[in-house]
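Here is what each chain is made of, one letter per residue.
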Amino acid sequence: MQSSTDKTPPIQRLKLLSNLTQTPYPPLSASFNTTTSPIQWRLRSNSNCFALLRGIVFLLLFSRKTTPFDMPPRIAYSFPEEVLEHVFSFIHCDKDRGSISLVCKSWYEIERWCRRRVFVGNCYALSPPTLVTRFPKVRSIAIKGKPHFADFNLVPDGWGAYVSPWIKAMAVAYPFLQEIRLKRMVITDECLDLIAKSFKNFRVLVLTSCEGFTTHGLAAIAANCRNLRELELRESEVDDICGHWLSHFPDSYTSLVSLNISCLGNEVNLSALERLVSRCPNLQTLRLNRAVPLDRLANLLRAAPQLVELGTGTYTTEMRPEVFSNLAEAFSGCKQLKSLSGFWDVLPSYLPAVYPVCSNLTSLNLSYATIQSPDLIKLVSQCESLQRLWVLDYIEDDGLEVIAASCKDLRELRVFPSDPFGLEPNVALTEQGLVSVSEGCPKLQSVLYFCRQMSNAALHTIARNRPNMTRFRLCIIEPKAPDYLTHQPLDAGFGAIVEHCKDLRRLSLSGLLTDRVFEYIGTYGKKLEMLSVAFAGDSDLGLHHVLSGCDNLRKLEIRDCPFGDKALLANAAKLETMRSLWMSSCLVSYEACKLLGQKMPRLNVEVIDERGPPDSRPDSSPVEKLYIYRTVSGPRLDMPGYVWRMEDDSALRIS
Amino acid sequence: MFDAAMAVAKPEMKSYIWLQTVDGSIQQVEEEVAMFCPMICQEVLQTGMGSSKTYAISLPQRVNPAILGLILDYCRFHQVPGHSNKERKTFDEKFIRMDTEKLCELTSAADSLQLKPLVDLTSRALARIIEGKTPEEIRETFHLPDDLTEEEKLEPLRNITDDPRIRLLNRLYARKRKELKERKKLKDVEIEEEPKDERSVEDLLSFINGADGDIKGTRSNKNKKKNRRRKDHAKDLSSKTASENDKDLNPLPSAYCNASFDNGLEASASKHSRMQNLPGVNFSPKFEFVDGDVDDDLDPAMKEELDREVEDFARRLNSDWPERMQILSLGQDRRLVPISMNSNGSMHLYTNNSISKVSGS
C-alpha cells in the first residue's frame, strides 16, 4: 500500500482524487422540463461558488482516504496458490481475468500462469513475444487484425495483419496450443503448415474474413491434425486450387465436430466429403459451399442425422419428384437441426423440403436466398422458435409483419439489400418493417437493417418499443438521406434510440445527421462500445461530443465526416482508453497527426495515404485515412509504403 | 478398528472419531460424517488414529474449530445417500452464504482436507464474488496490497489522468474546447441566417459592407433582454439543484465556460425553438458544459508552461482558421452533387461487392 503523508505531492493527490471520482470527462447535468416551456438549462451559479464546493468535497474525500494510511495494513488472508488458481479456473471472461491480474503482484503471477485463453483485439496492440512471455500456458488464442472498415474495401491491400509472427512465436512457446481463431488477418500456407506440424493436440481453427492461403494449406491441416474438431472458414478468401484437400483427412480420422467450407469457390471432392461425414459421429456443424449440388445433399444428411447446424449448397436442380421426396425425408430425419444457412440459387418448389425442421430452428440465414416475399413468408412463418434471422430485403414489410406475429423469440434480425446500387427501390421494404418487428418481438436486441427511407417518428417508436436493444445498425442506402416525411435530419430519431436503449453497445448511423445527434450519443450512450459513422455531422463539435461523452467507447470508425483536428487533439487522452479510431475522408490535418504521434507515445498514429508521402503536401492538408490505436509494443515494422507512422521525433517537435 | 471398551455403551452403538484442531481442542464426530473427508478417511484407514481422545487425528493448520464445524455440517448433510440432487443444490446454495473472509477460510480448509466437492463449491462462490469487480474493489474485498507498479499496471489501459504530461495537455485542450465552442456558436449563428433571415436592413447593409464585427455586436445588443431573462431563470434552477451537482463534480476542467454563454444561449435557443415545432418529435434537452476552470491543482511552473503552450497552439490554430472554413464549406457543397458511383462503390457506406454477412461483424 502506498504510504501517504501530508507531504504528498500534488500529482499523488490528483491521482487519488481521479481514482475516487472515476469520471475524467466533463460531467453532464441534464434534467429538464421539455414539454411546453422553452428550453432552460441549469448552470452552476458562478465559478467561485463552484470552486468552494469542489474544495470542500475534495477535502472530505481526501481526508476519508488518509485514515487507513495511518493504521497498519490488514494482513491479507493467506491463501495457498493452488487454491487461488482453482478459484481463477472458474473465471473466464477476459475483463475479469484482466481485473484479477491488476489486483496485486501475487495475483498477477498466479493469474498469468493459469491463463488458458487469450483474446487479442488488435494484433498490433502488443507483440507476440510480449504475449508468450506473460502467458506461458495458453491453450486458446483469438486475434483480430484489420479494422472493421476493411470489410467495405476502405483498407488497401497489403496493409498488414499478418499472423505469421504470432504463429512462429506460439509454435515455440505453446506446444499444447489447441485453438486458433483469427479475424481479418492474413494467413499463408506456410502458417497453416506450421500450425499443422507444431501443435500436437490442435483442435480448433476458425478463420473469419481472412485471406492469403490456398487449399494446399488446408490439406496440411487435414493431413496432420489428428485431433482436429473444428475447421471453419467463414467468409474467407481462399485460393481454391484443388478440391482434393478434403481427401487428406486420413481414414482413421473421426473427430470432426464442425466443418464450414461455405466460402470455397470450387467443388470439393464429394465422395471424400461423404466418407468424411459418415465416419465422424460427433459432427454437429456442416456448412457446405455453393458447388455442392442439391441432389447430393440428401446423402450427406442421411450420413449425419445428428447435425445441429447445416449450410446447404446450391438449392436448385431440375425439379424431380423423387429428388424432392428424398430430400424431404432426409431433412425429417435430422431431429436436432437448429440452424440452417446456404440456400444459394433457390428454386422455390424445393423449399417445402425443409418445412419439417422449421419449427425447431433457432437460426436461419437466408442472406443468399433470392426468393420472393410469398415464398419467404411461407418458410419463415413456420419458424416459431427462431432467434436469429438473416434475410434479404425481399422479405419486404409484409414479411416482417408476419415475422413479428410468428417469431416471438426473435433476438437478432439482419436485413440485407438485394440491389444496393440501384437508384430506385426494387422491393417494398421500408422503415415500417422494422417498426413491426420491434413491436411484435419482445426479445429483439440486435438489428442490422438496410433500407431506403427512414423517419424520426419510426426511430422513436422503435426506441420506445425496444429499450432492451443492444446492437442497432441502420444503413439507409443513400448517404445523407433526411427523414422522408419531414425532410429534417434524423438526429432526434437516433437520439431517441440512445436515450431509451440504455444498454446499447453498438450503433451504426446513417442518413442526414448534424452535430446534434452526436450530442445525444455523448449524453446517453454511456454503455456504447462501438460506433460507426458516415457522412454525418457539421463540425468538430460532433466528434468532441462522442469522445468526451461515451465512457465505454472502444472502437470508433468514421468516414466522410467534417471532423478535423480540434476535437481529436482535445480528446487525445481518450484515445488511450479505446482500442482504435479510424477516420477516412475527414479533415484531420497531417500536422495534427504529427502532434498526436509526438505527444502520445502509447498510441500508434498511422496515416494511410496512397497519394504519396504526406511530407510532400502542406502540413495543413487533410490526410486520406487515419488509424490510431493504443499499443504497448511500439511501432509496427511491417507497414506498406502507403502507411506512415507519426513518430516521437525530436526533429519534428513543435517549440 | 475401534476399541470397544472405549466406546460409550449406547443402545445404538454409534461410532465416533476424534479430531484435534490446531488450537489444541479436541472434538468427537460421528464416524460416517468424519469419514466423508478424504484426509480423515485416509488417516483412519492407514494409521488407525482417531479412535480415542488420546489418539485424536491432528487436522491441518488451516482448519480451526469454527471452520471445522462448518465443514462437518456440510459432510453431515452430504454423506446421507438419500438426498436428491435438487436438495443438495439447495443446501449448497444456502450453505455458502457467508462473508468473504469466512468463505476464504473455508475454501482453504476444505482444500487441506481434500474435500473436493466443497472446494469446488466454495471456489465457485469466490469466483462469483470476484467477477464484475474492479481491481480496487477486489483488493478491498480480500484485503490485498496494491503493490503493482505503474508499468506493471499498464495492460490493460484505463482512463489515465495522473500522467503530468497528459494533465498538461488536458488543460491545453480545455482552452481549445472553449475556443471551439465559441467558434461553433459563431458558425451556428451564421448558418442560422440562411434559412430564416431575421436581420434588419441595417444589419444586412453593414454585413455587405464588410463590418463582420458589428454584426455580432448588434445582435447581442438586440437580444440581451431575452438572454438576461433566460440566464436569471437558469440561475433559479441552479440554486435549487446545487446539491445534485455535487455528484457530478469533476477535478478536470470541463469544456465550456460561462463567458461564451450569451452567444451560446441565443444561438442554441433559436435552434431549439424551431425543432420544437416538428410534429411528433419529442427530443431531449440541451445540456451545458461548465468550465471547472480552477487552477489550484497544478504547480505554478507547470501552469506557466501550459499557458505558453496554449498561446502557441492558439496562434497556430488561428492562422489555420480561414482555410478550415473553406474546406468545411466545400464539404457542404459536395452534398448537392448527385451521387455518382465509382467502381468500388465507395460513396455508399455499408455496401460493397459482397455485403459483409459474417456473424458478429
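Predicted, not measured: the structure shown is a model, and the values here were computed from it. Each chain has its residues counted from 1, following the order in which its sequence is written. Following the order in which they are written, the chains are lettered starting with A and the ligands numbered starting with 1. Reporting of local features is limited, given that this is a predicted model, to residues whose pLDDT is at least 70; pairs of side-chain atoms are given and counted only at 80 or more, and all residues count toward the totals for whole chains, interfaces and linings. Side-chain figures throughout are based on the complete set of non-hydrogen atoms in the structure, without hydrogens or water.

J.: Teacher, can you tell me more about the overall build of chain B here?
T.: The way it works is that DSSP assigns letters per residue, a run of H or I at least four long becomes a helix, a run of E at least two long becomes a strand, and they are numbered from the N terminus. When helices and strands are counted, chain B shows 14 helices and three strands. Residue exposure (1.4 Å probe, protein chains only): buried if accessible area is under 20% of the type maximum, exposed if over 50%, otherwise partly exposed. Here chain B holds 361 residues, and the buried ones make up 43% of them. Of the contacts made within chain B by residues no fewer than 6 positions apart, 63% connect residues no fewer than 24 positions apart. Note on areas: Shrake-Rupley, 1.4 Å probe, and residue coverage restricted to the protein chains presented here. Only carbon and sulfur atoms are counted for the fraction: they give 53% of the accessible area of chain B, which is about 19,800 Å². We call two residues in contact when some of their heavy atoms are within 4.5 Å.

J.: Any chance you could explain the pattern of salt bridges here in plain terms?
T.: If the charged atoms of two oppositely charged side chains come close together, the side chains can form a pair. All names here are of chain A. For this document, the term salt bridge refers to a Lys or Arg side-chain nitrogen within 4 Å of an Asp or Glu carboxyl oxygen. The final tally for this structure, using the stated rule, is 37 salt bridges over all chains. A salt bridge links Glu529 to Arg554; the shortest N-O distance between them is 3.1 Å. Taken together, the residues span a long stretch of sequence, with Glu529 in the loop between α19 (515–524) and β18 (530–534) and Arg554 in the loop between α20 (540–549) and β19 (555–559) at a distance of 25 residues. Its relative accessible area of 24% is what places Glu529 among the partly exposed residues.

J.: Honestly, the sheet that holds strand β2 (residues 26–30) of chain B in this entry has me stumped. Any pointers?
T.: Strand pairing in a sheet relies on backbone hydrogen bonds. The paired strands run either parallel or antiparallel. Residues and elements named next belong to chain B. Reading across from one edge, β2-β1-β3 is the order of the three strands in this open sheet, with mixed pairing throughout. The sheet terminates laterally at β2 and β3 (57–58), the two strands that pair on one side only. DSSP-based pairing: two strands are paired if at least 2 bridges between them are found. Pairing analysis gives two bridges linking strand β1 (residues 16–20) to β3, with the strands arranged parallel. Across the sheet, residue Gln20 finds its bridge partner in β3, namely Ser58.

J.: Before we go on, may I ask you to explain the packing of aromatic side chains in this structure?
T.: Residue and element names in this part refer to chain A. Ring pairs shown here join Phe, Tyr and Trp side chains whose ring centres sit within 6.5 Å, with only the six-membered ring taken for Trp; geometry is labelled stacked below 30 degrees between planes, edge-to-face above 60, and tilted in between. All told, the structure shown has 21 aromatic pairs over all chains when counted by the stated rule. Plain terms: the ring middles of Tyr124 and Tyr629 are 6.3 Å apart, the flat faces sit at 35° to each other, and that makes the pair tilted. A residue pair is termed long-range when its members are at least 10 positions apart, and Tyr124 in the loop between β1 (117–120) and α6 (128–134) and Tyr629 in strand β22 (residues 625–630) qualify at 505 residues. With respect to class, Tyr124 is no different from Tyr629; both count as buried. Between Phe518 and Phe563 the ring centres are 5.5 Å apart and the planes differ by 75°, which places this aromatic pair in the edge-to-face class. Residue Phe518 is located in helix α19, and its partner Phe563 is located in the loop between β19 and α21 (565–570); the two are separated by 45 residues in the primary sequence. For the pair Phe518 and Phe563, one class covers both residues: buried. Here the aromatic residues Tyr124, Phe149, Phe152, Trp159, Trp582, Tyr627 and Tyr629 are joined through ring pairs into a cluster of three or more. In this scheme, Lys NZ or Arg CZ marks a charge over a ring once it lies within 6 Å of the ring centre and within 35 degrees of the ring normal. Over the ring of Tyr124 we find Arg636, and its NZ or CZ is 4.5 Å from the ring centre.

J.: What am I meant to see in the environment of Arg88 of chain B here?
T.: Residue and element names in this part refer to chain B. By the secondary structure assignment, Arg88 is in helix α4 (residues 85–95). For Arg88, a relative accessible area of 17% gives the class buried. The spacing of Arg88 and Cys75 is 13 residues in sequence and 11 Å in space, taken between C-alpha atoms. Not counting residues within four places of it along the chain, the set of residues in contact with Arg88 comprises Phe77, His78, Val80, Pro81 and His83. Here a polar contact is recorded for every N or O atom pair within 3.5 Å, except that within protein the pair must consist of a potential hydrogen donor and a potential acceptor, and residues adjacent in sequence are included only if both atoms are side-chain atoms. Among the polar contacts made by the side chain of Arg88, one reaches the main-chain carbonyl oxygen of Val80 at a distance of 2.8 Å.

J.: So what exactly am I meant to see when it comes to the side chain of Ser621 of chain A here?
T.: On the secondary structure map, Ser621 of chain A appears in the loop between β21 (603–608) and β22. The class of Ser621 of chain A is buried, set by a relative accessible area of 15%.

J.: When you look at the packing of helix α3 (residues 81–88) of chain A against helix α6 (residues 116–130) of chain B in this model, what are you seeing that I'm missing?
T.: Two quantities define a packed helix pair, namely the angle between the helix axes and the distance between the axes. The contact between α3 of chain A and α6 of chain B brings their axes to 8 Å, and the two run at 65°. The interaxial crossing formed by α3 of chain A with α6 of chain B has right-handed handedness. Mapping the contact onto sequence places His86, Val87 and Phe88 of chain A in α3 of chain A and Lys116, Val119, Asp120, Ser123, Leu126, Ala127 and Ile130 of chain B in α6 of chain B. For this classification, Asp, Glu, Lys and Arg are treated as charged, while Ala, Val, Leu, Ile, Met, Phe, Trp, Tyr, Cys and Pro are nonpolar and the rest, including Gly, are polar. Residues that form the contact of α3 of chain A with α6 of chain B fall into these classes: six nonpolar, two polar and two charged. Inter-axis angles, ranging from 0 to 180 degrees, are taken between N-to-C directions of lines fitted to C-alpha atoms, where helices are fitted over the stretch in contact. Each crossing gets its handedness from the near helix: less than a right angle anticlockwise from the far helix is left-handed, clockwise is right-handed.

J.: I would appreciate a short explanation of the UniProt feature "domain: SKP1 component dimerisation" (unreviewed entry) in chain B in the present structure.
T.: UniProt positions are given in the numbering used here, feature names are shortened, and annotations may be inferred rather than shown by experiment. Following the UniProt record, the feature "domain: SKP1 component dimerisation" (unreviewed entry) maps to residues 116–153 of chain B here. As annotated, residues 116–153 of chain B has a helix share of 61% and a strand share of 0%, and its two end C-alpha atoms lie 34 Å apart.

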